[in-house]
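Chain by chain, the residues:
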Amino acid sequence: MEDIFANRPKKTGQGYIEREGEKIYYESIGEGTAIVFGHGLGGSHAIFFQQVPALAKDYRVITFDQRGFGNSSNINLKHSPHTAAEDMKAVLDHLGVDKAHLVGQSMGGWCMLDFAMNYPERTLSIVFSNSLAGIYQEDIKHFYAIPAPRPPVSSLPLGKHFGLADQFYEKKPEIAYLYLQIGSMCPPAPSDMRKLIRETFYSVKEVNELNQKIPMLFCTGSEDITFPPEWIKKLHELITNSELKVFQGTAHSPYYELPEEYNETIRAFCK
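Everything quoted here is computed from the prediction, not taken from an experiment.

1. Overview of the overall build of the chain
- Counting secondary structure elements, the chain contains ten helices and ten strands.
- Whereas a compact globule of 271 residues would reach a radius of gyration of roughly 18 Å, the chain reaches 18 Å, a difference of no more than 12%.
- If one aligns the C-alpha atoms of the chain with their principal axes, the spans along those axes are about 60 × 45 × 40 Å.
- Taking all 271 residues of the chain together, 55% fall into the buried category.
- The contacts of the chain with a sequence gap of at least 6 include a subset with a gap of at least 24, amounting to 73%.
- As presented, the chain carries roughly 12500 Å² of accessible surface, and 52% of it is formed by carbon and sulfur atoms.
- Across the chain, the mean location of the 27 positive side-chain charges is 2 Å away from that of the 33 negative side-chain charges.

Spelled out as structure tokens, the structure:
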């Protein structure tokens with residue numbers, strides 16, 4: 001009889017660490033070299049449900065919630081990209097993980113770059129997934145201007161979202177709707193978080209120095225209106241040894257819109 005559980009990851013775990021009076025939620029699935037996923041402003045650990053089972057067959061996949069997102073508390077309102085990076089370090093320490101590949105989606109890219117800047121010896125690689133990550137020089141400062149407020153998602157047709165390409169909704173309306181449902185289970189993001197990430201910078205020079213030791217991949221979607229692909233391509237050009245992947249027909253969430261291609265991209269890069 002076929003063992004239907006044969007491909008299930010061998011080890012799973014979830015829980016909380018306590019740091020600075022806050023409870024930080026994490027999940028750790030599978031065994032082997034660690035890959036840590038950091039979510040974006042509208043997400044939580046749950047948004048990576050299409051990455052975890054696929055990659056946990058070969059890696060130890062770790063997800064966590066930043067303060068004020070998902071299951072993590074934010075009682076003292078000390079949220080920031082640096083705080084998130086230090087919380088992530090505490091999670092890795094708790095799990096006994098010395099080194100990891102880092103994947104930061106949008107806001108999560110700031111967290112991952114902060115961690116790598118402070119702990120390069122613990123960073124195997126970084127994927128900046130639709131993220132500017134705070135990489136800055138004077139001629140791209142306009143990238144960091146806070147955009148005008150968009151209409152509420154509730155004003156859009158059912159299942160449509162600014163983070164998803166229109167054609168994704170047309171092809172997979174149920175999965176597009178699930179994207180909104182996952183987001184609806186999170187508390188509202190801290191009101192100043194968008195401002196905090198837009199004011200957190202790392203110079204091109206210091207990121208290039210880091211890139212000499214740590215491989216970096218920039219991912220983008222051809223239809224992304226949050227951080228347009230030409231912006232991400234410019235960062236790739238500035239970080240001279242980095243790699244670039246453009247997911248055609250996707251918007252701000254290629255990990256969600258093209259999960260199989262995205263997962264294979266991550267798997268290949270981490271090798």
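Still more ground to cover, so stick around.
2. As for the pairing of strand 3 (residues 34-38)
- Across the five residues that make up strand 3, a large majority, five, are buried.
- Of the two faces of strand 3, the one lined by Ala 34, Val 36 and Gly 38 and the one lined by Ile 35 and Phe 37 are each fully buried.
- Taken together, the four bridges between strand 3 and strand 4 (residues 60-64) define a ladder with parallel strand orientation. Directly across from Ala 34, in strand 4, lies its bridge partner Arg 60.
- Examined bridge by bridge, strand 3 and strand 5 (residues 100-105) share five bridges and lie parallel to one another.

3. Observations regarding the pattern of salt bridges
- This model, assessed by the stated rule, comprises twelve salt bridges.
- Its salt-bridge partner being Arg 67, residue Glu 20 comes within 2.8 Å of it at the nearest N-O pair. In this pair, Glu 20 is assigned in the loop between strand 1 (12-19) and strand 2 (22-29) and Arg 67 in the loop between strand 4 and helix 2 (81-95), connecting sequence segments 47 residues apart.
- When its relative accessible area of 42% is taken as the criterion, Glu 20 is described as partly exposed.

4. Describing the side chain of Glu 86
- Along the chain, Glu 86 falls in helix 2.
- For the buried Glu 86, which has no salt bridge, the nearest side chain bearing the opposite charge is Arg 19, at an N-O separation of 4.3 Å.
- With residues near it in sequence (within four places) discarded, Glu 86 still touches Arg 19 and Tyr 119.

5. Quick notes on the nonpolar core
- Formed by 50 residues in total, the largest nonpolar core has its most connected members in Val 36, Leu 113, Ile 126, Leu 132 and Ile 135.
- Residue contacts for Ile 135: discarding those within four places in its chain leaves Leu 113, Ile 140, Tyr 144, Tyr 202, Val 204, Val 207, Phe 218, Leu 235 and Ile 239.

6. A look at a nonpolar patch on the surface
- On the surface, a cluster of nonpolar side chains totalling about 200 Å² of accessible area is made up of Phe 49, Ile 175 and Leu 178.
- A relative accessible area of 32% places Leu 178 in the partly exposed class.

7. Some points on the confidence of the model for the chain
- Residues with a pLDDT of 70 or more make up 93% of the chain, whose mean pLDDT is 92.
- Contacts for the low-pLDDT stretch residues 1-5, under 50 throughout, to residues beyond four places or in other chains number zero contacts.

8. Some words on the packing of helix 3 (residues 107-118) against helix 7 (residues 204-211)
- Interaxial distance between helix 3 and helix 7 falls to 11 Å at its minimum, and their mutual angle equals 70°. Compared by their axis directions, helix 3 and helix 7 come out roughly perpendicular. Once helix 3 is placed against helix 7, the crossing between them reads as left-handed. Residues Leu 113, Ala 116 and Met 117 of helix 3 form the contact with helix 7, whose participating residues are Glu 206, Val 207 and Leu 210.
- A class-by-class count of the residues in the contact of helix 3 with helix 7 yields five nonpolar, no polar and one charged.

9. Side note on unusual backbone geometry
- Of note in this structure, Leu 77 is not a glycine but carries a positive phi near 55°.
- Structurally, Leu 77 is set in the loop between strand 4 and helix 2.
- Classification of Leu 77 by relative accessible area gives exposed; the value is 61%.
- The phi dihedral of Asn 130 falls on the positive side, at around 50°, and the residue is not glycine.
- With respect to the helices and strands, Asn 130 occurs in the loop between strand 6 (123-129) and strand 7 (135-136).

Cut-offs applied
- Residues numbered from 1 in each chain as written.
- Predicted model: local features only at pLDDT ≥ 70, side-chain atom pairs only at ≥ 80, totals over all residues.
- Heavy atoms only, no water.
- Helix = DSSP H or I, 4+ residues; strand = E, 2+ residues; numbered from the N terminus.
- Rg over C-alpha atoms; globule rule 2.2 N^0.38 Å.
- Buried < 20%, exposed > 50% of the residue type's maximum accessible area, 1.4 Å probe, protein only.
- Contact = heavy atoms within 4.5 Å.
- Areas by Shrake-Rupley, 256 points an atom, 1.4 Å probe, with all protein chains shown as cover.
- Lys, Arg positive; Asp, Glu negative; His and termini not counted.
- Charge placed at Lys NZ, Arg CZ, Asp CG, Glu CD.
- Pairing = 2+ DSSP bridges.
- Salt bridge = Lys/Arg side-chain N within 4 Å of Asp/Glu carboxyl O.
- Core = buried A, V, L, I, M, F, W, Y, C linked by side-chain atoms within 4.5 Å.
- Patch = residues over 30% accessible without salt bridge, like charges linked within 9 Å, V, L, I, M, F, W, Y side chains within 5 Å.
- pLDDT = per-residue confidence, 0-100.
- Axes fitted to C-alpha atoms, helices over the stretch in contact; angles between N-to-C directions.
- Parallel < 35°, antiparallel > 145°, perpendicular 65-115°, else oblique.
- Left-handed = near helix turned anticlockwise from the far one by under 90°.
- Nonpolar A, V, L, I, M, F, W, Y, C, P; charged D, E, K, R; others polar.

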